[in-house]
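# Summary of structural features
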Amino acid sequence: MTAATIAETVGRTLAALGCRQVFGVVGSGNFVVTRALVDAGAGFVAARHETAAVTMADAWARVTGEVGVASVHQGPGFTNALTGLAEAAKSRTPLLVLAGDTSAAAVRSNFRVDQAAMAVAAGAVPERIHTPATAVTDVIRAHRRAALDRRTVALMLPLDVQGAPTDAAAAAVAVPPLGLIARTQPPPDAVEAVANLLAAARFPAIVAGRGAVLADARGPLEDLAELTGAVLATSAVANGLFAGNPFALGISGGFASPVAARLLARADLVVAAGASLNMWTTRHGALVGPGAKVLQIDTDVDAIGAHRPVDLGIVGDVAATAEALAVALRQQGHTNTGFRTDDTAAAIATGGWRHQPLTAAAASNPATTDDNADADGDGEGGRIDPRVLSIRLHEMLPAERLVAIDSGHFMGWPAMYIDVPDPHGFVFTQAFQSIGLGLASAIGAAFARPDRLTVAALGDGGALMAAGEIETLGRLGLPMLVVVYNDAAYGAEVHHFGPHGEPLDIVRFPDTDFAALGRAAGTEGVTVRHVDDLAEVERWIAARAEHPDRARPLVVDAKVDPTVVAEWLSEAFRAH
Ligand SMILES: Cc1ncc(C[n+]2csc(CCOP(=O)(O)OP(=O)(O)O)c2C)c(N)n1
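Here's what I pulled together on the structure shown here. For every chain, the first residue of the written sequence is number 1, and numbering continues from 1 onward in sequence order. Given that this is a predicted model, residues contribute local features only at a pLDDT of at least 70 and side-chain atom pairs are listed and counted only at 80 or more, while totals for whole chains, interfaces and linings are drawn from all residues. Note that water and hydrogens are dropped before the side-chain values are worked out from all heavy atoms of the structure.

## Looking at the overall build of the protein chain
Condition: Helix numbers and strand numbers start at the N terminus; a helix is a DSSP run of H or I with at least 4 residues, a strand a run of E with at least 2. Three labels apply to residues, based on accessible area from a 1.4 Å probe with only protein chains included: buried if under 20% of the type maximum, exposed if over 50%, partly exposed otherwise in between. Only heavy atoms enter the contact rule, under which two residues are in contact if any of them lie within 4.5 Å. Residue-level accessible areas treat just the shown protein chains as cover; the underlying method is Shrake-Rupley with a 1.4 Å probe. By the counting rule applied here, Lys and Arg register as positive and Asp and Glu as negative, while His and the ends of each chain are not counted. Taken as the charge centre is NZ of Lys, CZ of Arg, CG of Asp or CD of Glu, depending on the residue.
If you tally the helices and strands in the protein chain, you get 25 helices and 18 strands. Along the longest, intermediate and shortest principal axes, the C-alpha atoms of the protein chain span 75 × 65 × 50 Å. Split into buried and exposed, the 576 residues of the protein chain put 56% on the buried side. Of all intrachain contacts in the protein chain linking residues separated by at least 6 positions in sequence, the fraction that spans at least 24 positions is 78%. Accessible area for the protein chain stands at about 22600 Å²; split by element, carbon and sulfur atoms hold 54% of it. If the 43 positive side-chain charges of the protein chain are averaged to one point and the 61 negative ones to another, these points end up 4 Å apart.

## Notes on the site of the ligand
Selection criterion: Near residues are defined by distance, with any heavy atom within 4 Å of the molecule or strand qualifying the residue. Within 3.5 Å is the distance limit for a polar contact, defined as a pair of N or O atoms, with the added protein rule that one can donate a hydrogen and the other accept it, and that residues adjacent in sequence qualify only through two side-chain atoms. Residue classes follow a fixed rule: Ala, Val, Leu, Ile, Met, Phe, Trp, Tyr, Cys and Pro count as nonpolar, while Asp, Glu, Lys and Arg count as charged, and any other residue, Gly among them, counts as polar.
Of all residues adjacent to the ligand, which total 17 residues, the nearest are H409, Q433, G461, G462 and G491. For the ligand, an oxygen atom lies 3.0 Å from a polar atom in the backbone of A489. Notes on the ligand: free accessible area 580 Å², of which the protein chains cover 77%. Contributing elements (two or more residues each) for the shell around the ligand: α20 (460-465) and α22 (491-497). In terms of residue count, the dominant contributor to the shell around the ligand is α20 (four residues). Of the residues assigned to the shell around the ligand, the class counts are six nonpolar, eight polar and three charged.

## Here we look at a nonpolar patch on the surface
For the record, the criterion: Any residue with relative accessible area above 30% and no salt bridge may belong to a patch, with like charges joined within 9 Å and the nonpolar Val, Leu, Ile, Met, Phe, Trp and Tyr side chains within 5 Å. Definition used for salt bridges: Asp or Glu carboxyl oxygen within 4 Å of a side-chain nitrogen of Lys or Arg.
A contiguous nonpolar patch, built from V26, F31, V32 and F44 and spanning about 320 Å² of accessible area, is present on the exposed surface. Note that F44 resides in strand β2 (residues 43-46). You can call F44 partly exposed: its relative accessible area is 33%.

## Some words on the pattern of salt bridges
In the structure shown here, the tally under the stated rule is 27 salt bridges. One salt bridge connects R35 with D39, and the closest N-O pair in it is separated by 3.0 Å. Of this pair, R35 and D39 both sit in helix α2 (residues 31-39), separated by four residues, roughly a single helical turn. Note on R35: relative accessible area 40%, which makes it partly exposed. Residue classification places D39 among the exposed residues on the basis of a relative accessible area of 55%. Between R449 and D451 there is a salt bridge, with its nearest N and O atoms 2.8 Å apart.

## A short note on the sheet that holds strand β7 (residues 204-208)
For clarity, the cut-off: A pair of strands is labelled paired if DSSP reports no fewer than 2 bridges between them. Helix axes are fitted to C-alpha atoms over the stretch in contact, other axes to C-alpha atoms as well, and angles between N-to-C directions run from 0 to 180 degrees.
Read from one edge of the open sheet, six strands run β9-β8-β7-β10-β11-β12, paired in parallel fashion. Pairing within the sheet leaves two strands with one partner each, and these edge strands are β9 (248-251) and β12 (312-315). Within the sheet, the average angular offset between the axes of one strand and its neighbour, ignoring direction, is 15 degrees. With four bridges joining them, β7 and strand β8 (residues 231-234) adopt parallel strand pairing. Considered in β8, the bridge of I206 is made with L232.

## Looking at helix α24 (residues 535-546)
Condition: Multiplying 1.5 Å by the residue count of a helix minus one yields the expected span of that helix. Each direction from the helix axis to a C-beta atom contributes to the arc, which is the arc of those directions.
End to end, α24 covers 17 Å across twelve residues, agreeing with the expected 16 Å (1.5 Å per residue, within 8%). Those residues of α24 lying buried are V537, W540, I541 and R544. Summarising the axial view, the buried residues of α24 lie within an arc of 100 degrees, below the 170-degree limit, and thus occupy one face. Away from its buried face by more than 90 degrees, α24 exposes R539 and E546.

## Things to note about the packing of aromatic side chains
The condition that has to hold: Stacked, tilted and edge-to-face pairs are distinguished by plane angle, under 30 degrees for stacked and over 60 for edge-to-face with tilted covering the rest, among Phe, Tyr and Trp rings (Trp via its six-membered ring) whose centres lie within 6.5 Å. Ring-over charges, as used throughout, are those where CZ of Arg or NZ of Lys falls within 6 Å of the ring centre and within 35 degrees of the ring normal.
For the structure shown, the criterion picks out nine aromatic pairs. Geometrically, the ring pair formed by F255 and F428 is edge-to-face, given 6.1 Å between the ring centres and 75 degrees between the ring planes. Here the residue F255 occupies a position in the loop between β9 and α13 (258-266), and F428 occupies one in strand β14 (residues 426-428), the gap between them amounting to 173 residues. Here F255 falls in the buried class, since its relative accessible area comes to 10%. One residue, R266, lies across the ring of F203, its end atom 4.8 Å from the ring centre.

## Some words on the nonpolar core
Inside soluble globular proteins, nonpolar side chains tend to come together where they are buried. Put simply, the test is: For this analysis, a nonpolar core means a set of buried residues of the types Ala, Val, Leu, Ile, Met, Phe, Trp, Tyr and Cys, connected via side-chain atoms within 4.5 Å.
M56, F78, L439, M480 and V482 are the most contacted members of the largest nonpolar core, which has 49 residues in total. Residue contributions to this core peak at eight residues, all from helix α3 (residues 50-64). Setting aside anything within four residues of it in sequence, one finds F78 in contact with V72, H73, L85, A99, Q115, M118, A119, A154 and M156. One finds L389, V403, L481 and I541 within the second-largest nonpolar core, a separate group that totals 45 residues.

## A look at the environment of V97
Along the polypeptide, V97 turns up in strand β4 (residues 95-101). Those residues in contact with V97 that sit more than four places away from it in its chain are V54, A70, V72, L85, V153, A154 and L155.

## A word on the environment of T563
With respect to the helices and strands, the residue T563 is situated in the loop between β18 (554-559) and α25 (568-572). T563 sits in the buried class, given a relative accessible area of 11%. When the C-alpha atoms of T563 and D487 are compared, they prove to be 9.6 Å apart, with 76 residues separating the residues in sequence. Within the local environment of T563, its side chain forms a polar contact with the side chain of D561, the two groups lying 2.7 Å apart.

## Focus on the sheet that holds strand β1 (residues 21-24)
Neighbouring strands of a sheet are bound in pairs by backbone hydrogen bonds; such pairs are parallel or else antiparallel. Strand order in the open sheet formed by six strands is β2-β1-β3-β4-β6-β5, and the pairing between neighbours is parallel. Each of the sheet's edge strands pairs with one partner strand only, and the pair in question is β2 and β5 (125-128). Adjacent strand axes in the sheet meet at a mean angle of 25 degrees, parallel and antiparallel pairs treated alike. As paired strands, β1 and strand β3 (residues 68-72) are joined by three bridges and run parallel to one another. Counterpart to G24 in the pairing with β3 is S71.

## Points about the packing of α3 against helix α19 (residues 438-448)
Our working definition: Roughly parallel refers to an angle under 35 degrees, roughly antiparallel to one over 145, roughly perpendicular to one between 65 and 115, and oblique to any angle outside these ranges. Crossing handedness: left-handed means the near helix sits turned counterclockwise from the far one by under a right angle, and right-handed means the same turn made clockwise.
At a minimum axis distance of 7 Å, the contact between α3 and α19 shows a crossing angle of 40 degrees. With respect to their mutual orientation, α3 and α19 come out oblique. Regarding α3 and α19, the two cross each other, and that crossing is right-handed. Contacts between α3 and α19 involve A52, T55, M56, A59, W60, V63 and T64 on the former and, on the latter, A440, S441, I443, G444, A445, F447 and A448. Within the contact of α3 with α19, the residues separate by chemical class into ten nonpolar, four polar and no charged.

## Re helix α10 (residues 188-200)
Compared with the 18 Å implied by 1.5 Å per residue over 13 residues, the 19 Å span of α10 between its first and last C-alpha is a close match. Listing the buried residues of α10 in full gives A190, V191, V194, A195 and L198. Buried residues of α10, seen end-on, are gathered within an arc of 130 degrees and therefore sit on one face of the element. Of the exposed residues in α10, the ones pointing more than 90 degrees away from its buried face are D189, E192 and A200. Against the buried residues of α10 lie α12 (218-228), β10 (269-273), β11 (293-298), β12 and α15 (318-331).

Right, here's the structure in full:
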């Protein structure tokens, strides 16, 4: 047997650690390691841009709960990856980015940049295979850091170490199992103090975030809510956690429905369960009533009180803490109807976004008085109301769906009007607020959940920023729906600067034919100007359900009415 190089050993070690899917852009600096990982059984997806590769791996990791893996070339391959790296790092996605790197002595190499410093600057953890003898332990350490600390790790693979024959010492290192990680139990005295506050509350609200999703805390939180008379809501990333619960209000924050906003602001106690209560989740504090007490549960002590003062913080796993609180309250004999009356359930059932009249109130922006504008939003002016588009999509999609959303003005429409069955059906890459990540995140998520119909909801700006990935989509033939909310503009900027009388020519563009773009890259394509045009989409969904193996991706170019302006946008721009 020929002696393996360290690059091959690294690939095999990663496979032995359980890495089973890699997304990448392959150059000479990451070819061998990627080849070895694939030869050892991992699936491979070639992206067309490194940020897309990292974002695919990020979304795959978010949906599967496993460590995601991306593979990039050194130098420009790594710098291209930075935006995706920052999004993943800010989201605490367990992710390994395998990065070729120049040899220590190659100080004049064209490819040389300080990759470790860049990783740190993006919020990621730099790791390195230091020597042939330590390479395997270096890989194991990097993987543990990603898996156990939930960090985004850039593992630098210097070319000279990669090319060295595998050292006997390295080859002898056994790959240890990760082992079982115990849930962090909350301290008993803290449980008592928090239970007392909960018992004193008349109208509590529980706002669950990513920590609740990771802890699989739906059941314990629903039980606690029932016991205390609480309503339930989620941060945007945890959307879907309480799907179907009659006292679930949906997303708290800018996307909150009127009934959700009204009830949350009325609560006299807000329990942030694995949610950071940042300005988005609280609408800059407006969704937390002036006299309300705030409790926060998080495994990470650093998260407690990070965004706003809290009356009491408790460090613990959200599920374990909710269970302990329920036990304590039952021991006290506590019961409270709180918000949980038939009237409130009825108000919630009829108060969601899809029940709101589609008023033109939001369309008062003078910046949008455009020749294409369609006054009543029914598409007669050749433009569909984005809310109508989203509602019809909600009605047409199968229950088993996964919605991945890019950034931009349009992003509230799919988030507010299209329900998802659980948080694994929702991918929202907004930690870095970059446009252009939505298509790649949808592709990664589609690999994670092939049983679901994945929908990529994009703006035209974000879609064009990632246009290379339309080729990836066509090449892979993923049976996915791409919906472009196409206003031929950077709508977020149009609606922010237009009312101030700014000329908008620098943020408006000629219309792009996304259906044709999709067809050129091997997808199917449909143009939607009117609600009736969605019949084509409905046919595609039915055909996919009948013959999933024959379905091709479909790009829907929805020419949306630019006079429909989201109310949450002006609020959001307070923080841009
Ligand atoms: C990488 C990046 N560049 C620029 C921005 C600033 N920005 C925020 S929203 C937006 C416009 C997005 O346009 P589009 O995707 O068409 O969505 P729309 O706002 O029109 O709904 C821009 C340029 C950003 N967030 N990220």
